[in-house]
Amino acid sequence: QVQLVESGGGLVQAGGSLRLSCAASGSILSIEAMAWYRQVPGKQRELVAEITSGGNTNYGDSVKGRFTISRDNAKRMGYLQMNSLKPEDTGIYYCNVEGYTEYYHSFNSWGQGTQVTVSS
């Protein structure tokens, strides 16, 4: 079992910043990719940012230049620094982690989500 817990969401004014955190725990051998997704009512969940085990990153077009994804492999933590927030960034942010368990089984886990609300 792999568990993910997100934190750091909240209410912020447009132009402000938030930092989301994702803590992974359980029978983890290795974490390959970590990603953040965003979902708003009536729309599909969309990729915000992802980072590989080697540190390569990929961002959604709407957040490029404003958001930064990072990870701490030793602590099994992932982060999303969100700057210059816009009202359209509002949504539930989910952490997603892919990797291998201590039993060499692949896993793909989701956190419970954290709400981010940006007021205009």
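Located above this text is the structure these notes cover.
Residues numbered from 1 in each chain as written. Predicted model: local features only at pLDDT ≥ 70, side-chain atom pairs only at ≥ 80, totals over all residues. Heavy atoms only, no water.

S.K.: Requested: an account of the overall build of the protein, with residues and values cited.
M.R.: From N to C terminus, the protein includes zero helices and eleven strands. Whereas a compact globule of 120 residues would reach a radius of gyration of roughly 14 Å, the protein reaches 14 Å, a difference of no more than 12%. Projecting the C-alpha coordinates of the protein onto the three principal axes gives extents of approximately 50 × 25 × 25 Å. Taking the contacts inside the protein whose residues are at least 6 apart along the sequence as the reference set, 56% of them involve residues at least 24 apart. (Helix = DSSP H or I, 4+ residues; strand = E, 2+ residues; numbered from the N terminus. Rg over C-alpha atoms; globule rule 2.2 N^0.38 Å. Contact = heavy atoms within 4.5 Å.)

S.K.: Kindly report on the pairing of strand β1 (residues 2-7), identifying the contributing residues and their values.
M.R.: Here β1 shows a clear split, with Val 2, Leu 4 and Glu 6 buried on one side and none of Gln 3, Val 5 and Ser 7 buried on the other. Bridge analysis of β1 against strand β3 (residues 18-26) gives six bridges, and the strand direction is antiparallel. Each bridged residue has a counterpart across the sheet, and for Val 2 the counterpart in β3 is Gly 26. (Buried < 20%, exposed > 50% of the residue type's maximum accessible area, 1.4 Å probe, protein only. Pairing = 2+ DSSP bridges.)

S.K.: Mind laying out the packing of aromatic side chains, listing which residues take part and the relevant values?
M.R.: Going through the model one piece at a time under the given rule, you end up with one aromatic pair. Here the basic side chain of Arg 45 rests over the ring of Tyr 94, its NZ or CZ set 3.8 Å away from the ring centre. A cation sits over an aromatic face here: Arg 45 above Trp 110, 4.7 Å from the ring centre. (Phe/Tyr/Trp six-rings, centres within 6.5 Å; stacked < 30°, edge-to-face > 60°. Lys NZ or Arg CZ within 6 Å of the ring centre and 35° of its normal.)

S.K.: Hey, could you go over the side chain of Thr 101 for me, with residue numbers and the actual values?
M.R.: With respect to the element layout, Thr 101 can be found in strand β9 (residues 91-101). A relative accessible area of 10% places Thr 101 in the buried class. Those residues in contact with Thr 101 that sit more than four places away from it in its chain are Ser 27, Ile 28, Leu 29 and Phe 107.

S.K.: An account of the sheet that holds strand β8 (residues 77-82) is requested, with residue identities and associated values reported.
M.R.: Two strands in a sheet stick together by hydrogen bonds in their backbones, pointing the same way (parallel) or opposite ways (antiparallel). Here four strands make up an open sheet; going across it, the order is β1-β3-β8-β7 and the pairing antiparallel. The open sheet has two free edges, formed respectively by β1 and β7 (67-72), since each of these has just one partner strand. The mean angle between the axes of side-by-side strands here comes to 15°, regardless of whether they run parallel or antiparallel. Looking at chain direction, β7 and β8 are connected through six bridges and run antiparallel. Its bridge partner being in β8, Thr 68 is matched across the sheet by Gln 81. (Axes fitted to C-alpha atoms, helices over the stretch in contact; angles between N-to-C directions.)

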